[in-house]
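# Topology and contacts: notes
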Amino acid sequence: RSPRTVFNDDGQVLWEAPRSNPAPFIKSWLDREATAVPFTTFVFLAAMPDICIYQTKVGEVYGARFPENSQGRFAPTLRALAREGTDPLHLVTAHMHTRGKEVLAAIRMSDTHHRSLDPNDPLCPRFTLDHPQFVIKQPDGRTNETALDYSYPQVRSHRLAIMKEIAEEYDVDGLELNFVRWAK
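Structure report, in brief. Just so we're clear, the structure is a prediction, and the values are computed from it rather than from any experiment.

### Points about helix α6 (residues 153-169)
Along an α-helix, residues three or four apart share an orientation, since each turn contains 3.6 residues. For α6, which comprises 17 residues, the first-to-last C-alpha distance of 24 Å matches the rise-based estimate of 24 Å (1.5 Å per residue) to within 8%. Listed as buried for α6 are Val155, His158, Arg159, Ile162, Met163, Glu165 and Ile166. The arc enclosing the buried residues of α6, seen along the axis, measures out at 150°, which places them on a common side. Away from its buried face, by an angle of more than 90 degrees, α6 presents the exposed residues Leu160 and Glu168. Considering only its buried residues, α6 is in contact with β2 (41-47), β3 (51-52), α4 (88-98), β5 (102-108), α5 (126-130) and β6 (174-178).

The structure is reproduced here in structure tokens:
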């Protein structure tokens, strides 16, 4: 068995991509990294975990609930790719497979880039805003928690639906379930 060497993009390619016609830039960026770093597995940030970096039907597409001219890390690139009839997960997976690379869809299981339940924060999931009762309750009574509690079946069901959608609708080689990025 050959060792696996993993390259984790963490969304940098989408951050750098131009707002118009981003697909050629993304492919070129992927080619550059694949040439510079001898990896076997490309890990693409697909979900944080309810905010999705692909055209989801069960989660929330990053930036979709905000006006098109609003600022957002990946929103302009996601919108441009959607107008081109694709999304980053399809594009990255297809392109990396042509290079013989394995692709894993990364899911940050307890991402809390949002520090409060703020509907104006594009990283605060609509699911959390709609269901604040599922937010983790800290034993010391702190009220600054924003991660959802997996002891609720509704949270598990929602997150599993996102994972199932990725597994069934995308040609990924697997999922990376990241419980370490903000372990709760």
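The rest of the description comes next.
### A short note on unusual backbone geometry
The backbone of Asp10 sits at a positive phi, close to 60°, despite the residue not being glycine. Residue placement: Asp10 occurs in the loop between β1 (6-8) and α1 (12-16). The partly exposed category is assigned to Asp10, whose relative accessible area is 29%. Residues other than glycine seldom take positive phi values, yet Asn21 does so here, at roughly 50°. One can find Asn21 in the loop between α1 and α2 (22-36).

### Things to note about the pairing of β5
Most of β5 sits out of view: 6 of its 7 residues are buried. Taken together, the 5 bridges between β5 and β6 define a ladder with parallel strand orientation. Bridging across to β6, Ile107 finds its partner in Leu177.

### Concerning a nonpolar patch on the surface
Taken together, Leu175, Leu177 and Phe179 make up a surface patch of nonpolar side chains, about 250 Å² in accessible area. For Leu175, a relative accessible area of 33% translates into the label partly exposed.

### What to know about the packing of aromatic side chains
Applying the stated criterion across every chain yields a total of 9 aromatic pairs. Here Phe7 and Trp29 contribute two aromatic rings whose centre-to-centre distance is 6.4 Å and whose plane-to-plane angle is 80°, an arrangement assigned as edge-to-face. One end of the pair, Phe7, is in strand β1; the other, Trp29, is in helix α2, with 22 residues separating them in the sequence. Each member of the pair, Phe7 as well as Trp29, is classed as buried. Counting every residue linked through ring pairs, the aromatic cluster contains Phe7, Trp29, Phe39 and Phe42. Positioned above the aromatic ring of Phe39 is the side chain of Lys101, whose terminal nitrogen or guanidinium carbon lies 4.8 Å from the ring centre.

### What to know about the state of the cysteines
Per the stated rule, a full pass over the model turns up 0 disulfides. No disulfide involves Cys124; its sulfur sits 14 Å from that of Cys52, the nearest cysteine.

### Quick word on the packing of α2 against helix α3 (residues 75-83)
The geometry of a pair of packed helices is captured by two quantities: the angle between their axes and the separation between those axes. Look at α2 against α3: their axes get within 9 Å of each other, and the N-to-C directions meet at 110°. Classified by the angle their axes make, α2 and α3 are roughly perpendicular. Taken together, the residues of α3 that come into contact with α2 (itself represented by Pro22, Ala23 and Ile26) are Thr77, Ala80 and Leu81. Its residues assigned to classes, the contact of α2 with α3 comprises 5 nonpolar, 1 polar and no charged.

Cut-offs used in this document
- Residues numbered from 1 in each chain as written.
- Predicted model: local features only at pLDDT ≥ 70, side-chain atom pairs only at ≥ 80, totals over all residues.
- Heavy atoms only, no water.
- Helix = DSSP H or I, 4+ residues; strand = E, 2+ residues; numbered from the N terminus.
- Expected span 1.5 Å × (residues − 1).
- Buried < 20%, exposed > 50% of the residue type's maximum accessible area, 1.4 Å probe, protein only.
- Arc of directions from axis to C-beta.
- Contact = heavy atoms within 4.5 Å.
- Pairing = 2+ DSSP bridges.
- Patch = residues over 30% accessible without salt bridge, like charges linked within 9 Å, V, L, I, M, F, W, Y side chains within 5 Å.
- Areas by Shrake-Rupley, 256 points an atom, 1.4 Å probe, with all protein chains shown as cover.
- Salt bridge = Lys/Arg side-chain N within 4 Å of Asp/Glu carboxyl O.
- Phe/Tyr/Trp six-rings, centres within 6.5 Å; stacked < 30°, edge-to-face > 60°.
- Lys NZ or Arg CZ within 6 Å of the ring centre and 35° of its normal.
- Disulfide = S-S within 2.5 Å.
- Axes fitted to C-alpha atoms, helices over the stretch in contact; angles between N-to-C directions.
- Parallel < 35°, antiparallel > 145°, perpendicular 65-115°, else oblique.
- Nonpolar A, V, L, I, M, F, W, Y, C, P; charged D, E, K, R; others polar.

Function cannot be read off these values alone, since they describe shape.
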